[in-house]
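# Structural features, examined
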Amino acid sequence: MKPIQFMPRTHILDTTRKRTGQLEYRIGTWNIRSLYKPGALKSISDAVKKYKNVQIVALQEVRWPGEGDMRTNGMTIFYSRSSNGKHENGVGFLVNDQLLPSIKKFTPVNDRICHIRIAGKQYDIILICVYSPTETGEEDLKDMFYD
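The text that follows walks through the structure, step by step, so that each part is easy to find. On a predicted model such as this, the values are computed, not experimentally measured, just so you know.

## Remarks on the pairing of strand 3 (residues 56–60)
Burial analysis of strand 3 places 5 of its 5 residues in the buried class, the great majority of the element. Here strand 3 shows two buried faces, one formed by Ile 56, Ala 58 and Gln 60 and the other by Val 57 and Leu 59. One ladder, built from 5 bridges, connects strand 2 (residues 26–31) with strand 3; its direction is parallel. Counterpart to Ile 27 in the pairing with strand 3 is Ile 56. Running through helix 1 (residues 40–50), the crossover from strand 2 to the neighbouring parallel element strand 3 is right-handed. Of the strand pairs in this sheet, strand 3 and strand 6 (residues 91–96) are connected by 5 bridges, and their pairing is antiparallel. Across the sheet, residue Ala 58 finds its bridge partner in strand 6, namely Phe 93.

## Quick look at the pattern of salt bridges
Scanning all chains against the criterion turns up 4 salt bridges. Residue Arg 117 is joined to Asp 124 by a salt bridge in which the shortest nitrogen-to-oxygen separation is 3.3 Å. The exposure class of Asp 124 is partly exposed, given its relative accessible area of 29%.

## Things to note about the side chain of Asn 89
Along the chain, Asn 89 falls in the loop between strand 5 (75–79) and strand 6. Judged by its relative accessible area of 13%, Asn 89 is buried. Reaching out from Asn 89, the side chain makes a polar contact with the side chain of Arg 112 at a distance of 3.3 Å. Not counting residues up to four positions away in its chain, the partners in contact with Asn 89 are Glu 61, Val 62, Arg 63, Asp 111, Arg 112 and Tyr 131.

Procedures and definitions
- Residues numbered from 1 in each chain as written.
- Predicted model: local features only at pLDDT ≥ 70, side-chain atom pairs only at ≥ 80, totals over all residues.
- Heavy atoms only, no water.
- Buried < 20%, exposed > 50% of the residue type's maximum accessible area, 1.4 Å probe, protein only.
- Helix = DSSP H or I, 4+ residues; strand = E, 2+ residues; numbered from the N terminus.
- Pairing = 2+ DSSP bridges.
- Right-handed = clockwise from strand over helix to strand, strands pointing away.
- Salt bridge = Lys/Arg side-chain N within 4 Å of Asp/Glu carboxyl O.
- Polar contact = N/O pair within 3.5 Å; in protein donor to acceptor, adjacent residues only side chain to side chain.
- Contact = heavy atoms within 4.5 Å.

Below you can see the structure in the form of structure tokens.
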């Protein structure tokens, strides 16, 4: 039996109607389970680089306290805070440094929601990353999240 490999899911936006000068973004999402381990960020960025031309990946379960951004290995991670100081939850985006000039704003809402604004030719693109409680989670947590 093959071992399970945790890799990001990717999606290509508008590859069939590409016009001259039109940008094409390759976007992914990945529940990484935790970046609170030595070498985890490098492993994640190396895995994302194996995917051809992936510019941005939405991350869930970052598990870092605080909020901010950090450059590593040709990529920048923007991450949200954990409100209680513990290493749980957390969301963010891993952005290829080639896309950085197009990033207008990263907004962490809380430890489960953040969004990033990317400059477009006519309109800005807003990507939202959400990590919701699972079905087996505590009822109070789910009620608070959905309210």
